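What follows is each chain in one-letter form.
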Amino acid sequence: MSGEAATDDVFVHLHFAMRGAYPLRLLDCLFCEMRALVVEYDYITGVGLVGGTPARRATEFAEAVRDGGLPAALDAAERIIEIPYSDLTNIRIYDGGWLGREKIVLRHTAGSSVTARVHAAIDPAAFIDALRPVVEPHSVTVQLVSGMGLRDALPIVGRSGRRN
């Protein structure tokens, strides 16, 4: 930075993702100047999935971020995972292959990686093009990877099937 104070402006907003087991956690990833925020704002059950609740809640959350910025996002949050870019090693975007949904993996040095499936319509290449100028000044690499992202889901198993 050139002597200016860090801002909490949201530069890139990855909308409508889910992670976890039952109940699923609905989240968005917000990329600011000095940190990434994974903002969980609802829990989704099977009944909610059938009733269309995730898409409705995701739209409400995106509107809150658009209208009120980061303060509105943080007010709506049930849980926030903050990852300073200095602790982030890389970001992988999986294209989902021919079967799955896109997936984002934020790999950081302090703690386990944050992984989420993206449920919004996304152009992975355009997302990466928007994200690179935000994170690369902090030595964070961003890469598009083909497939469903099983190597990040099952890190103890390598390509050969043997334990690493």
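Residues numbered from 1 in each chain as written. Predicted model: local features only at pLDDT ≥ 70, side-chain atom pairs only at ≥ 80, totals over all residues. Heavy atoms only, no water.

Novice: Please set out helix H2 (residues 53-76) residue by residue, giving values where relevant.
Specialist: With 24 residues, H2 extends just 16 Å between its outermost C-alpha atoms, more than 12% less than the 34 Å of an ideal straight helix rising 1.5 Å per residue. The largest bend along H2 measures about 135° and falls at glycine 68, with the proline proline 71 one to four residues further on. Listed as buried for H2 are Pro54, Ala58, Phe61, Val65, Leu70 and Ala73. (Helix = DSSP H or I, 4+ residues; strand = E, 2+ residues; numbered from the N terminus. Expected span 1.5 Å × (residues − 1). Bend = angle between axes of the 7 residues up to and from the residue. Buried < 20%, exposed > 50% of the residue type's maximum accessible area, 1.4 Å probe, protein only.)

Novice: An account of unusual backbone geometry is requested, with residue identities and associated values reported.
Specialist: A positive phi angle, near 65°, is found at phenylalanine 16, a position not held by glycine. The residue phenylalanine 16 is located in strand E1 (residues 12-19) in this model. Judged by its relative accessible area of 12%, phenylalanine 16 is buried. Although it is not a glycine, serine 139 sits at a positive phi angle of roughly 65°. Residue placement: serine 139 occurs in the loop between helix H3 (124-135) and strand E8 (141-145).

These results come straight from atomic positions and should not be treated as a statement about function.
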